[in-house]
Amino acid sequence: MALRIGGNMTANKVQQHLMFAAQSVLVAIFGISLVAALHPDARAGVRSALVKDYRVLVSSARADLIGNGIAYTVTKVKTRDSIFLEVFRPEPDGSQKLMEKIELTDARDGYFNFNGRVANLALEDIDDDGRAEILVPVFDRDLVGRLSIFKYNEGMNGFERVVR
Ligand SMILES: [Ca+2]
């Protein structure tokens, strides 16, 4: 056995290493099979968990967006192809009700320098009307940074993009 790979890793050690890796994979597969065997629905669940687009919360902030004294929560969520803004209204029972969901297609998470800090979401009343605007920096598909601004529109009873 003169085969040597890398510094002092002999063929035997490589073999042990591969065996260990293979065992780990088997344990992982066995674990998933076990879950699937225990719960009939789990098999589909495991598969969809692997295939489904991931959702990652990248930022959240609270502010009065409508000028009614209520602090709404805005979250910035990234999926594989898009950025979503979600606006939640606090309910009397303490829960948060989804009011609006805005998709920014073909967008990647971005950040900007706002009031001396790096932020990837900011809620700020930039036109002094007593309602905070939603400032959301993203990168487009060409990796060009863009700042979108959304403002509450009473007529629409929703948020409209005022700057792109
Ligand atoms: Ca405003």
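Residues numbered from 1 in each chain as written. Predicted model: local features only at pLDDT ≥ 70, side-chain atom pairs only at ≥ 80, totals over all residues.

**Student:** Give me the overall build of the chain: which residues, what numbers.
**Tutor:** Of the regular secondary structure elements, the chain holds two helices and 13 strands. Relative to all contacts within the chain whose residues are 6 or more apart in sequence, the contacts with residues 24 or more apart total 34%. (Helix = DSSP H or I, 4+ residues; strand = E, 2+ residues; numbered from the N terminus. Contact = placed C-beta atoms within 7 Å.)

**Student:** So what about the pairing of strand 13 (residues 158–163)? Which residues, and what values?
**Tutor:** Where strand 12 (residues 145–153) meets strand 13, five bridges bridge the pair, whose relative direction is antiparallel. From the neighbouring strand, Lys151 faces strand 13, where its bridge partner is Glu160. Two successive antiparallel strands, strand 12 and strand 13, enclose a turn made up of four residues, where Asn157 displays a positive phi of approximately 50°. (Pairing = 2+ DSSP bridges.)

**Student:** I'd like a rundown of the pairing of strand 11 (residues 133–139), residues and numbers included.
**Tutor:** Among the seven residues of strand 11, six are classified as buried, and the element is accordingly described as predominantly covered. Relative to strand 11, strand 10 (residues 122–124) runs antiparallel, the two sharing three bridges. By the bridge assignment, Leu123 is partnered in strand 11 with Ile134. Where strand 11 folds back on strand 12, the antiparallel hairpin that results is connected by five residues, among which Leu143 adopts a positive phi of roughly 60°. (Buried ≥ 20, exposed ≤ 12 C-beta atoms within 10 Å, placed from the backbone.)

**Student:** Pulling in residues and values, what's your account of the sheet that holds strand 3 (residues 56–63)?
**Tutor:** Within the open sheet, the four strands sit side by side as 3-4-5-6. Their pairing is antiparallel. Unpaired on one side and paired on the other, strand 3 and strand 6 (96–105) mark the two borders of the sheet. For this sheet, the mean inter-axis angle between neighbouring strands, taken without regard to orientation, is 20°. (Axes fitted to C-alpha atoms, helices over the stretch in contact; angles between N-to-C directions.)

**Student:** Quick one: what's the story with the nonpolar core, residue by residue and with numbers?
**Tutor:** Ranked by internal contacts, the top residues of the largest apolar core, which has 19 residues, are Val74, Leu85, Val87, Ile134 and Val136. Sort the elements by how many residues they give to this core and strand 11 lands first, with four residues. Aside from chain neighbours lying at most four places away, what touches Val87 is Leu65, Tyr72, Val74, Met99, Glu100 and Phe159. (Core = buried A, V, L, I, M, F, W, Y, C linked by C-beta atoms within 7 Å.)

**Student:** Any details on the environment of Val136? Residues and values, ideally.
**Tutor:** With respect to the secondary-structure elements, Val136 resides in strand 11. You can call Val136 buried: it has 27 C-beta atoms within 10 Å. Distance from Val136 to Asp109, taken between C-alpha atoms, is 9.1 Å for residues 27 residues apart in sequence. For Val136, the residues in contact, after removing those within four places along its chain, are Lys76, Leu85, Leu121 and Ser148.

**Student:** Before we move on, can you summarise the confidence of the model for the chain with the specific residues and values?
**Tutor:** It should be kept in mind that the predicted coordinates are not to be read in detail where pLDDT is low. Looking at the chain as a whole, its pLDDT mean stands at 81, while 68% of the residues score no less than 70. Contacts from residues 1–9, a stretch scored under 50 in pLDDT, to residues over four places away or in other chains number eight contacts. Long-range and interchain partners of residues 30–36, a stretch whose pLDDT sits below 50, account for six contacts in this model, where long-range means more than four residues apart. (pLDDT = per-residue confidence, 0-100.)

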